[in-house]
Amino acid sequence: MGVVASTYIVLILAMMLADLSYTTSGHILEALQSKEIQYAIKLSLITCTITMILSVLVAIPLGYFMARFEFRFKKVIDAILDIPIVLPPLVIGLSLLILFQTAPGQFIESHVRITYTVYSVIIAQFMVACAFAVRTMYVTFIQINNRQEQVALTLGCNQRQSFFYILLPQAKNGILTAASLAWARALGEFGPILIFSGATRMRTEVLPTTVFLEMSVGNIEAAVAVSLIMILSGFAVLLIVRLFGDKNTAL
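Residues numbered from 1 in each chain as written. Predicted model: local features only at pLDDT ≥ 70, side-chain atom pairs only at ≥ 80, totals over all residues. Heavy atoms only, no water.

**Notes on the overall build of the protein chain**
Scanning the protein chain from N- to C-terminus turns up 14 helices and 0 strands. The order of helices and strands in the protein chain, counted from the N terminus, is α-α-α-α-α-α-α-α-α-α-α-α-α-α. Each principal axis of the C-alpha distribution contributes one length, and for the protein chain these read about 65 × 55 × 35 Å. The buried share among the 251 residues of the protein chain stands at 37%. Counted over contacts in the protein chain with a minimum sequence separation of 6, partners at least 24 positions apart contribute 74%. Accessible surface for the protein chain amounts to roughly 14500 Å². Of this, 71% is attributable to carbon and sulfur atoms. Averaging the locations of the 16 positively and 13 negatively charged side chains of the protein chain gives two centres separated by 12 Å. (Helix = DSSP H or I, 4+ residues; strand = E, 2+ residues; numbered from the N terminus. Buried < 20%, exposed > 50% of the residue type's maximum accessible area, 1.4 Å probe, protein only. Contact = heavy atoms within 4.5 Å. Areas by Shrake-Rupley, 256 points an atom, 1.4 Å probe, with all protein chains shown as cover. Lys, Arg positive; Asp, Glu negative; His and termini not counted. Charge placed at Lys NZ, Arg CZ, Asp CG, Glu CD.)

**A look at the side chain of Thr117**
Structurally, the position occupied by Thr117 is in the loop between α7 (103–111) and α8 (118–143). A polar contact of 3.4 Å, which involves the side chain of Thr117, links it to the backbone oxygen of Arg113. Filtering out sequence-adjacent residues up to four positions away, Thr117 remains in contact with Ser197, Arg203 and Thr204. (Polar contact = N/O pair within 3.5 Å; in protein donor to acceptor, adjacent residues only side chain to side chain.)

**Description of the packing of aromatic side chains**
For the structure on display, the rule yields 8 aromatic pairs. Between Tyr64 and Phe163, the aromatic rings sit 4.9 Å apart at their centres with planes inclined by 70°, giving edge-to-face as the arrangement. With Tyr64 in helix α3 (residues 35–68) and Phe163 in helix α10 (residues 159–170), the pair connects residues that are 99 residues apart, well separated along the chain. Just as Tyr64 is buried, Phe163 falls in that class too. Ring geometry for Phe65 versus Phe69: centroids 5.7 Å apart, planes at 35°, classification tilted. Residue Phe69 is classed as partly exposed on the basis of its relative accessible area of 39%. Put simply, the rings of Tyr64, Phe65, Phe69, Phe71, Phe141, Phe163 and Phe164 pair up and form one aromatic cluster. (Phe/Tyr/Trp six-rings, centres within 6.5 Å; stacked < 30°, edge-to-face > 60°.)

**Some remarks on the UniProt feature "transmembrane region" (unreviewed entry) in the protein chain**
With numbering matched to this structure, UniProt assigns "transmembrane region" (unreviewed entry) to residues 39–67, 79–102, 114–134 and 222–245. Taken end to end, residues 79–102 is 75% helix and 0% strand, and its first and last C-alpha atoms sit 25 Å apart. With 81% helix and 0% strand, the stretch residues 114–134 has end C-alpha atoms that lie 24 Å from each other. (UniProt positions renumbered as here; feature names shortened; annotations may be inferred.)

This is the structure we're talking about:
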């Protein structure tokens, strides 16, 4: 069982080592000095952070609602929430593009340009990342016993006070996990962005589209260098979150 289970970990490490063997520190430094890649890094950091905040703000109330209340068609809504996870990313991007060609979408576009702008990058990232955050918060609230909330209500707290002062502090590690998953998922999003936002240099270019653009012109070394930057960034975020989460648990 250990041998079988370790094959997946070995495969992940083998892919990372293959990337490292294909490039050099000089290629990475050259990529970091490129104005296009610097713009992509900056835009990725900004859009991923905004997407993370929006995802958590939506995931907390939605996860709480799904975990604490029973209502008709709950299973249907629960399945709908998982659609962005199971759908091919290109389908999500195409659906967003079509959505903003409808009458309501064109009305929005007439006031604020969305398609093929930075706003569309955030929306494309949010559509996928939020689903992971919602699922994480749902599991978090399910695992928290509501007995303390009920005691707080009997002692004079209202529902809002019970939620903010009793439940949320217990869910802090889940919130941190949801935020990290949303950020990391947004960082690696490519399909919806390519369709809905395009891959325009110095405009809607984020790190995944940079890899695509560099490969399309045959610059494999730069594409691998950017890929390593994404791998290291995602790994660093997830590792810090896990260490911080373990510390919170110990406290």
